[in-house]
Amino acid sequence: MEQTPVKILYIGNDPSVINTFENSRLFEMHHEPNGLMAIKWMTGGEFKAFGPPENLELRVEIDAIISEINLPGLNGLSLLQEIRKLHLSRGIVFILVAQFITDALRSKARSFYADGCLQKPLNADRIYDRIRYLQDHHPVLLDKKHDDFARPYKTPVAKRIFDVIVASLAIIILSPVFLLVTIVIRLESKGKVIYKSKRIGRNYEEFDFYKFRSMYEDADRRLREMGNLNQYVIQEEAVELVCSECAKLPEGELCSPAYYYDGQRICERLALIRNNSQKAFWKIPNDPRVTKVGRFLRTTNIDELPQLFNVLEGNMSIVGNRPLPVYEAHALTKSRWSRRFRSAAGMTGLWQIEFRKRKGFMSEEDRFILDNMYAQKNSFWGDLLLLLRTIPALFRKMNV
């Protein structure tokens, strides 16, 4: 079956990339060497680098933008932000490419809401399939409020003032508790009193997350050995070795766009099934890595108190979606859950309240839904209500 070419704008000057698109019947390519010339072409020459960006409209018909990250002038990330700000990206897939892609770069690309971040050499079939899949299924591209979603989240002034006042007062009042906990942690086991880990918060930004140490020093090294204890392991059939949907089609055809998984070309449906067999949100009951003091700190939620300093630093708020460890955030491959990062990262939030209300049972999908719900509907007065509902729960001996 003949495949309809996708219309792309390539921004950059890599001959190998240009040849990839020019030599493929899957693409109709327009090429611009840098970001400013690309925006000028997209707006039919109306964009002026030093003029007010008023009443600009997209004057060309394209399906996707493929941009080098390293560009003269505006780099690829800044270019993406500028195109979003000018409201020129509605319904257009934006993919960044580079010679080398690091985890930090992928995280940064996600924080700017890029639709992909690919390492060279590029595969024309894979890019074509990805673009077509995103056009048909990506909720962000289908959302009428896409441009609002693309803008980075900024903490409202009232919320920030409230956070600073509450965190400062709490630290002063609880300073004797901080001192006592420091002493008992040091007496029981070796290691630092404050445990720092990398977390992903608002706008997919990475930061150092503070807690009182509640585990033994080698806890991180033992994590991989304890996957069978994960509270959120999927209770489903064994992961398919061959896609059952593809098996119904003629040989060589796939039920969904092609995806390269461990070097094997499979359909995206099967790739998602395999990815989701390693679930996010680790929660291990009666974790043997936890110290005796640590178990008490967790039960009473005292181990969370150092996050008050995260609040003062501006990485977190008193109320918001819980920030995720990097490996958990990366496990959220389903784009419909990405809205959870469009809100402040918080010490307490909606799903914690619901978890206690449901007496300690909540599925992983329930957590996703509540996180997205908070990101879409949060308000200052709603945060105050959640905080008031949190206070009584702190006296229950239940660890979230």
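(A) Focus on unusual backbone geometry. For the bond from Lys-120 to Pro-121, the omega torsion is 0 degrees, close enough to zero to count as cis. Look at Asn-301: it is not a glycine, yet its phi comes out positive at around 65 degrees. By the element assignment, Asn-301 lies in the loop between α12 (292-300) and α13 (307-313).

(B) Quick look at the side chain of Asp-383. With respect to the helices and strands, Asp-383 occurs in helix α17 (residues 380-393). Taking the relative accessible area as the measure of exposure, Asp-383 reaches 6% and is therefore buried. Among the polar contacts made by the side chain of Asp-383, one reaches the side chain of Lys-159 at a distance of 2.4 Å. Once you skip the residues sitting within four places of it in the chain, Asp-383 turns out to touch Lys-159, Val-319, Tyr-374 and Asn-378.

(C) Representation of the pattern of salt bridges within the structure. Using the criterion set out here, one finds 10 salt bridges in the structure. Lys-159 is the salt-bridge partner of Asp-383, the closest N and O atoms lying 2.4 Å from each other. On the criterion of sequence distance, the pair formed by Asp-383 in helix α17 and Lys-159 in helix α8 (residues 157-173) is long-range, its members being 224 residues apart. The same class applies to Asp-383 and to Lys-159, which are both buried. A salt bridge links Arg-322 to Glu-304, with the shortest nitrogen-to-oxygen separation between them at 2.9 Å. With Arg-322 in the loop between β10 (317-319) and β11 (324-325) and Glu-304 in the loop between α12 and α13, this pair connects stretches of sequence that are 18 residues apart. Connected via shared salt-bridge partners are Lys-211, Asp-303, Glu-304 and Arg-322.

(D) Looking closely at the pairing of strand β5 (residues 116-119). Here strand β4 (residues 93-98) runs beside β5; their pairing, made up of 4 bridges, is parallel. Each bridged residue has a counterpart across the sheet, and for Ala-98 the counterpart in β5 is Gln-119. In the classification by handedness, the crossover that spans β4, the intervening helix α4 (residues 103-111) and the parallel β5 is right-handed.

(E) A look at the environment of Asp-208. Here Asp-208 lies in strand β7 (residues 206-212). Taking C-alpha positions, Asp-208 is 9.9 Å from Gln-307, a pair spaced 99 residues apart along the chain. In this structure, Asp-208 is in contact with Ser-197, Lys-198, Asn-310 and Asn-315, ignoring residues within four places of it in sequence. Here the side chain of Asp-208 touches Lys-198 through a polar contact of 2.9 Å, side chain to side chain.

(F) Broad picture of the sheet that holds β7. Taken in spatial order, the 3 strands make up an open sheet running β7-β6-β11, and their pairing is antiparallel. Since the sheet does not close on itself, it has two edges, and those belong to β7 and β11, each with one partner.

(G) Structural context of the sheet that holds strand β2 (residues 27-32). Strand order in the open sheet made by the 5 strands is β2-β1-β3-β4-β5, with parallel pairing throughout. In this open sheet, the two edge strands, each paired with only one partner strand, are β2 and β5. Across this sheet, the average inter-strand angle for adjacent strands is 25 degrees, counted without regard to direction. Note: strand β3 (residues 64-68) against β4, 5 bridges, orientation parallel.

(H) Here's a closer look at the packing of aromatic side chains. Summed over the entire model, instances satisfying the criterion amount to 7 aromatic pairs. With centroids separated by 6.0 Å and ring planes inclined at 85 degrees, the aromatic side chains of Phe-178 and Phe-309 adopt a geometry described as edge-to-face. One end of the pair, Phe-178, is in helix α9 (residues 175-188); the other, Phe-309, is in helix α13, and 131 residues separate them in sequence. Classification of Phe-178 by relative accessible area gives buried; the value is 13%. Centroid distance Phe-380 to Trp-381: 5.4 Å. Interplanar angle 70 degrees. Geometry classified as edge-to-face. Residue classification places Phe-380 among the partly exposed residues on the basis of a relative accessible area of 28%. Ring pairs connect the aromatic residues Tyr-10, Phe-21, Phe-27 and Tyr-128, which therefore count as one cluster. Across the ring face of Phe-209, the terminal group of Arg-199 is positioned such that the distance to the ring centre comes to 3.9 Å.

(I) Spatial organisation of the nonpolar core. In this structure, Ile-185, Phe-212, Leu-297, Leu-308, Met-316 and Ile-318 are the most contacted members of the largest nonpolar core, which totals 29 residues. Among the elements that take part in this core, helix α15 (residues 350-357) stands out by supplying 4 residues, more than any other. Aside from chain neighbours lying at most four places away, what touches Ile-185 is Val-193, Phe-212, Arg-213, Val-293 and Leu-297.

(J) View of a nonpolar patch on the surface. Taken together, the side chains of Val-157, Ile-161, Ile-165, Leu-169, Ile-172 and Ile-173 present a nonpolar region at the surface, about 650 Å² in accessible area. Relative to the helices and strands, Ile-172 resides in helix α8. When its relative accessible area of 61% is taken as the criterion, Ile-172 is described as exposed.

(K) The side chain of Asp-163, seen in detail. Residue position: Asp-163 is located in helix α8. The buried charged residue Asp-163 lacks any salt bridge, with Arg-160 as its nearest oppositely charged partner at 4.8 Å. Apart from the residues within four sequence positions on either side, Asp-163 is in contact with Val-311, Met-316, Ser-317 and Ile-318.

(L) A look at the environment of Leu-386. Along the chain, Leu-386 turns up in helix α17. Given the relative accessible area of 8%, Leu-386 is considered buried. Considering only alpha carbons, one finds Leu-386 and Val-319, 67 residues apart in sequence, at a separation of 7.5 Å. Discounting chain neighbours no more than four positions away, the residues touching Leu-386 are Val-319, Gly-349, Leu-350, Ile-353 and Tyr-374.

The rules behind each value
Residues numbered from 1 in each chain as written. Predicted model: local features only at pLDDT ≥ 70, side-chain atom pairs only at ≥ 80, totals over all residues. Heavy atoms only, no water. Helix = DSSP H or I, 4+ residues; strand = E, 2+ residues; numbered from the N terminus. Buried < 20%, exposed > 50% of the residue type's maximum accessible area, 1.4 Å probe, protein only. Polar contact = N/O pair within 3.5 Å; in protein donor to acceptor, adjacent residues only side chain to side chain. Contact = heavy atoms within 4.5 Å. Salt bridge = Lys/Arg side-chain N within 4 Å of Asp/Glu carboxyl O. Pairing = 2+ DSSP bridges. Right-handed = clockwise from strand over helix to strand, strands pointing away. Axes fitted to C-alpha atoms, helices over the stretch in contact; angles between N-to-C directions. Phe/Tyr/Trp six-rings, centres within 6.5 Å; stacked < 30°, edge-to-face > 60°. Lys NZ or Arg CZ within 6 Å of the ring centre and 35° of its normal. Core = buried A, V, L, I, M, F, W, Y, C linked by side-chain atoms within 4.5 Å. Patch = residues over 30% accessible without salt bridge, like charges linked within 9 Å, V, L, I, M, F, W, Y side chains within 5 Å. Areas by Shrake-Rupley, 256 points an atom, 1.4 Å probe, with all protein chains shown as cover. Lys, Arg positive; Asp, Glu negative; His and termini not counted.

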